[in-house]
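The chain contents come next:
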Amino acid sequence: MVDDEDFPSSSDVEELEDADFYLSDHDDDIAENVLQDLEDGRQEDCNWSVSSVITKESLLAAQKDDLRKIMELLALSEQHARTLLIHYRWDVERVFELLEQKGKDRLFSEAGLTIYQNKTIDLSSYSDPFTCSICFEDVSSVAITEMDCGHCYCNSCWTEYFIVKINDGQSRRIRCMDPKCNAACDEAIVRSLVNARHPNIADRFERFLLESYIEDNNKVKWCPSVPHCGNAIRVVGDIYCEVECTCGMQFCFSCLSEAHSPCSCIMWEYWRKKCHDESETVNWITVNTKPCPKCHKPVEKNGGCNLVACICGQAFCWLCGAATGRDHTWSTISGHSCGRFKEDQSKRIECARRDLYRYMHYHNRYKAHTDSLKQESNLKETIQGKITISENKESRIKDYSWVINGLNRLFRSRRVLSYSYPFAYYMFGDELFKDEMSQGERDLKQNLFEDQQQQLESNVEKLSMFLEKDFQDFSDEEVMENMKHVINLSSIIDRLCKQMYQCIENDLLYPLQRATHNIAPYKSKGPEKASELSVCWVSNQMRSTKSMVDALPPHVSSAGGTTVAAAKRSWQFHGSSSLDESASSNKLLKKNESKGGGPPLFDLNMPAEVVDKS
């Protein structure tokens, strides 16, 4: 619990009064700085991640940028660069690392990339009929297609194979039909053959290639909003973070669930499942009922006699659960005796009862703070009305931004407090960390955490009380007194939240040996709001790519391959054209959308599963 010393002392109040906060135009700048510092808080120890929103327009530009990095470094065509990046999940930095470690030949072979064409048949000069080894039909040379790996089959077999792969959702990396060949098929050939027979499937193929930047990218994920807003979020840095889309959806980037820190993703998944399934109902049945030995249905005893009867007609002993006859006296059941103590059964029942009570303790407090957050969210309109009344009345106090700042702090801290109870349930239980801590160590850490949790809870309730006051009816002195409490409590709560996260990360999760649990870092302003990715971002990224190319050692090359030095020369020659090509691709995309005055052939701003259902 926080003592009264957490509130401003009399000397602090006198100092605030002498400063005349909010009482004159001259001091408005000082007040704004104080409130801004309170809202911003001290800068976090490090920038964990930077998030940005990828829309339909910026998706193509972002993909083109990563493709250009690989194309210029390794002198590849766009389709080969895409195949390489899809295999390595669009991790450009990882490709650069593996290039130096493994060399170009091994890097390409693991991705199924065939750079050196192994043509076995010169189809242009081949006049005899060709027998396809798939369908065993004799076809002319013009109906034969040979891949870069050297395997050739008839166009009909290729087309059917491609259509099956696209319909099965495997169009991002279609391998050669030869069962022993790992080479990826030329996407230009796939596009040409499929489009000749099924243009709509070819359009799906194009969409899948474009959306692979999101579907196969560990750093880019769709916003989980319902209905879908059509945006994707790209995170640079730590993926264990909480972000906010431009649509207002706040979620955990790692597991795409609602923002749930300080719970780890595993803890939150277990808790959500525990709250929604019937596991606790099963616990109640275990504690309060016994199974019938005949039909095995649970039976609840509604009287004092230990001879109970199921609806199926079977009588059994309530003490041991064994089937018996119906004859009994005041003290015994005829032909039955179960006076011997069975320790295992007693322990099992007691454990089930204890687990149920423990779950109810944490769930009730989690639910209470969640309900409080829902109720307090309705305060925003009420407080806005109070602020309007206060600003219109004759008063020297005209700035009430401290109320909005305090309300935002209340929302964030209440959310942290509510999710701290599921964290404590699993952190100090036996479900996840049974063998990680001794009982004494567990009790010590639990007491430390619960002390911090109790301090936070006490101050959050005090802040809620001061914000709910009808300050529009107060005098200037009373408003100023209420303001001091709100500002002071907001600062204290922010500090307590930071201390709780530090305790969780450093004292509770870090020492774990057998399990790794990561939580999103605490942000004083709440989950980071993702900024919209623009074409200007591509230009900045191209400059950073040049720095990465310059940093690579000049010896990274392979036989017959392009050296990094050559890639650097290629950058100087072609680097300036990257932005223009990306911009022209966006213009082409918009042109295709408006062609014929109708809707686009496919919506790049929606996930494939959403588009297919519509």
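Residues numbered from 1 in each chain as written. Predicted model: local features only at pLDDT ≥ 70, side-chain atom pairs only at ≥ 80, totals over all residues. Heavy atoms only, no water.

- An unreviewed UniProt entry lists the protein chain under the name RBR-type E3 ubiquitin transferase, from Platanthera zijinensis.
- Under Catalytic activity (unreviewed entry), UniProt gives the following word-for-word description of the protein chain: "[E2 ubiquitin-conjugating enzyme]-S-ubiquitinyl-L-cysteine + [acceptor protein]-L-lysine = [E2 ubiquitin-conjugating enzyme]-L-cysteine + [acceptor protein]-N(6)-ubiquitinyl-L-lysine." (UniProt positions renumbered as here; feature names shortened; annotations may be inferred.)

### Remarks on the sheet that holds strand E15 (residues 528-529)
Right, on to step 1. Strand order in this open sheet of three strands is E9-E8-E15, and the pairing throughout is mixed. Of all strands in the sheet, those bounded by a partner on one side alone are strand E9 (250-252) and E15.
Right, on to step 2. Judged from the two bridges that link them, strand E8 (residues 242-244) and E15 form a sheet pairing that is parallel. Across the sheet, Glu-244 pairs through a bridge with Lys-529, a residue of E15. (Pairing = 2+ DSSP bridges. Helix = DSSP H or I, 4+ residues; strand = E, 2+ residues; numbered from the N terminus.)

### Section: the pattern of salt bridges
Right, on to step 1. Per the counting criterion, the structure on display carries 24 salt bridges.
Right, on to step 2. Taking the shortest distance from any N to any O, the salt bridge between Asp-216 and Arg-172 comes out at 3.6 Å. Here Arg-172 lies in the loop between helix H7 (155-167) and helix H8 (187-197) and Asp-216 lies in the loop between helix H9 (199-215) and strand E6 (220-222), a separation of 44 residues in the sequence.
Right, on to step 3. Residue classification places Arg-172 among the partly exposed residues on the basis of a relative accessible area of 21%.
Right, on to step 4. With a shortest N-O distance of 3.8 Å, Arg-396 and Asp-476 are connected by a salt bridge. Within this pair, whereas Arg-396 is found in the loop between helix H13 (379-392) and helix H14 (401-427), its partner Asp-476 is found in helix H16 (residues 476-509), the two being separated by 80 residues in sequence.
Right, on to step 5. A cluster of three or more residues bridged by salt bridges with shared partners is formed by Lys-64, Glu-78, Arg-82, Glu-187, Arg-191 and Glu-206. (Salt bridge = Lys/Arg side-chain N within 4 Å of Asp/Glu carboxyl O. Buried < 20%, exposed > 50% of the residue type's maximum accessible area, 1.4 Å probe, protein only.)

### Examining the nonpolar core
Right, on to step 1. Phe-423 and Met-427 are the most contacted members of the largest nonpolar core, which totals 55 residues.
Right, on to step 2. Looking at this core, the elements with two or more residues in it are helix H10 (265-276), helix H12 (343-377), H13, H14, helix H15 (439-467) and H16.
Right, on to step 3. In terms of residue count, H16 provides more of this core than any other element does, 16 residues in total.
Right, on to step 4. Once residues lying within four places of it in the same chain are set aside, the contact partners of Met-427 are Met-267, Phe-433, Met-437, Leu-508, Leu-509 and Leu-512.
Right, on to step 5. In terms of nonpolar packing, the next biggest core, distinct from the first, is built from 32 residues, Ala-62, Leu-74, Trp-90 and Tyr-213 among them. (Core = buried A, V, L, I, M, F, W, Y, C linked by side-chain atoms within 4.5 Å. Contact = heavy atoms within 4.5 Å.)

### Digging into the side chain of Ser-52
Right, on to step 1. Within the secondary structure, Ser-52 sits in strand E1 (residues 49-54).
Right, on to step 2. Look past the residues within four positions of Ser-52 in its chain and what remains in contact with it is Ala-232, Ile-233, Arg-234, Ala-530, Ser-531 and Leu-533.

### Notes on helix H4 (residues 78-87)
Right, on to step 1. Summarising burial for H4: eight of the ten residues are buried, a large majority.
Right, on to step 2. All of the buried residues along H4 are Gln-79, His-80, Ala-81, Arg-82, Thr-83, Leu-84, Leu-85 and Ile-86.
Right, on to step 3. On its buried face, H4 sits against helix H3 (56-74), helix H5 (92-102), helix H6 (104-110), H8 and H9.
Right, on to step 4. Phi turns positive one or two residues past the end of H4, at Arg-89, with a value near 55°.

### Let's talk about the environment of Lys-434
Right, on to step 1. Following the sequence through the fold, Lys-434 ends up in the loop between H14 and H15.
Right, on to step 2. The residues touching Lys-434, leaving out its near neighbours within four places in the chain, are Gly-429 and Arg-442.

### A few points about the sheet that holds strand E12 (residues 307-309)
Right, on to step 1. Ordered by their spatial adjacency, three strands build an open sheet running E12-E13-E14, and the pairing between neighbours is antiparallel. A single partner strand is all that each edge strand has here, and the edge strands are E12 and strand E14 (323-324).

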